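Commentary on secondary and tertiary structure
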Amino acid sequence: MRTYDYDFFVMGAGSGGTRAARVAAGHGARVGVAEDTYLGGTCVNVGCVPKKLLTYGAHFAEDFEDAAGYGWTVGDCHHSWARMVANKNIEIERLNGVYEQLIKSAGADIHWGRACLIDRHTVDVGGRRFTAEKILIAVGGWPFVPDFPGSEHAITSNDAFYLPELPKRVLIVGGGYIAVEFAGIFHGLGAKVIQLYRGALFLRGFDDDVRTFLAQEMIKKGIDLRFDAEVQSVTRKDNGTFLVDITNTGTIETDLVMYATGRKPNTADLGHDAAGVALDAHGAVVVDGDWRTNVDNIYAVGDVTNRIQLTPVAIQEGHALADALFHPSGKTVSYDYVPSAVFSNPEIGTVGYTEAEARARYDGVDIYRSTYRPMKYTMSGRDARGLMKLVVARDTQRVVGLHVVGPAAGEMTQGFAVAIKMGATKQDFDATIGIHPTAAEELVTMRTPVPNPEQRARS
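The shown structure was predicted, so the numbers you read here are calculated from the model rather than taken from an experiment. (Residues numbered from 1 in each chain as written. Predicted model: local features only at pLDDT ≥ 70, side-chain atom pairs only at ≥ 80, totals over all residues. Heavy atoms only, no water.)

Taken in spatial order, the 4 strands make up an open sheet running 10-9-8-14, and their pairing is parallel. Each edge of the sheet is formed by a strand with only one pairing partner; in this case those strands are strand 10 (224-226) and strand 14 (256-259). Each strand axis lies, on average, 20° off the axis of its neighbour in the sheet, ignoring direction. By the bridge criterion, 3 bridges tie strand 9 (residues 192-196) to strand 10 in an arrangement that is parallel. Paired with Leu196 across the strands is Arg226, a residue of strand 10. Contacts from helix 6 (residues 177-188) reach strand 8 (169-173), strand 9 and strand 14 within the one sheet, and its direction differs from that of strand 9 by about 170°. (Pairing = 2+ DSSP bridges. Helix = DSSP H or I, 4+ residues; strand = E, 2+ residues; numbered from the N terminus. Axes fitted to C-alpha atoms, helices over the stretch in contact; angles between N-to-C directions. Contact = heavy atoms within 4.5 Å.)

Right, let's get into the side chain of Asp323. With respect to the helices and strands, Asp323 occurs in helix 9 (residues 311-326). For the buried Asp323, which has no salt bridge, the nearest side chain bearing the opposite charge is Lys331, at an N-O separation of 5.4 Å. With sequence-adjacent residues up to four places away left out, Asp323 is seen in contact with Val23, His27, Pro328 and Ser329. (Buried < 20%, exposed > 50% of the residue type's maximum accessible area, 1.4 Å probe, protein only. Lys, Arg positive; Asp, Glu negative; His and termini not counted. Salt bridge = Lys/Arg side-chain N within 4 Å of Asp/Glu carboxyl O.)

Scanning all chains against the criterion turns up 29 salt bridges. Asp366 is the salt-bridge partner of Arg394, the closest N and O atoms lying 2.9 Å from each other. Of this pair, Arg394 sits in the loop between strand 20 (386-393) and strand 21 (399-405) while Asp366 sits in strand 19 (residues 365-372), placing them 28 residues apart in sequence. Assessed through its relative accessible area of 42%, Arg394 is described here as partly exposed. We classify Asp366 as buried; its relative accessible area is 14%. Across the pair Asp430 and Arg447 runs a salt bridge whose closest N-O atoms are separated by 3.0 Å. With Asp430 in helix 13 (residues 426-431) and Arg447 in the loop between helix 13 and helix 14 (453-458), this pair connects stretches of sequence that are 17 residues apart. With a relative accessible area of 27%, Asp430 lands in the partly exposed category.

Geometric descriptors of this kind do not, in isolation, establish any biological role.
Here it is as structure tokens:
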């Protein structure tokens, strides 16, 4: 006898929650899904999808300039921010509809409203209560602005996608991938951009060569990078602009202040305490290796667990969990060698260990590194370069890290990630014939390792 309304109730219809709901329903489970904002979650609505679309739009400025070197005569170009945003919204609405159809066609029910745990088997959604044998928390994360004088004047990346017009001057605060991506977007579309970061160099956690190289390329493009600096206060003037007091810099005037200083798990008003679900010090849901919380019928996947905040990871977790609960197959999710990309200008693609991580993990490491001028720019005359880097464990010669900065870095990294995940060695790379002329061939033609840090210091 069934005693619950649902076998599986999913709190959040983002990437991870939607995949889990669809797969569970496909296995015959009775599934309910609650969402209070938008179907598809961060990625579809205010994350990777619209960000990539805006990145495409920003790149056209350089493409038009480069065309002259190839004999094209390009007239005066004018960009309409409002038209781009309107077209972006149409695409996002289409994807919202796709997600709705995916959930419903799988046989799951959608309930609109913020889901709140009442107890370990009961969820409240806008005053309606549903019981479920198993519950999944997949409510994602949300950007935040730290508290300081004038913090109410700052926007986040969520707001940036819906600005009514392009500001002429933008101050971006933050050193993560969202900050560098929006610096490239706003700059490419014609705004004067200052990016501010409190540390000595942005993109903490990425390979140091990648971080340094990207900073140099961004500065060459005209983006004003300011490190070791923090905002003290923001004051709004009568004309609508902002005065920002910055340590080590003084006061600047800007038309927009955007904070991209991180995201927090979206666990406020979740009802975790009522159900006894434990959170860590950062508000993330604590889970074990099977995505189970300390309450054995409640699970969590995706950004709300604050592990690897990537959409494909959340999707894999949701799928594997639904399989494990309703059609066990033994499949799981490996968190080793997860590839990722940063859609900065120039773009970053990376998989595996950084040089520093590899040196801490292995007795010996060989580094292969090359900078190059993308062929596209040889006729256009653009002063832009790319970076290729391989990190190799010396004893096994396994390639344990690959890092690319340059055009299509994400696309080429995805292909190489398969080989690295399978355990490819440097000899495997060397034995692979490159496709000529491509930038990617550089990754299979580098033959001589660079000196180690000690040798570089002595030279």
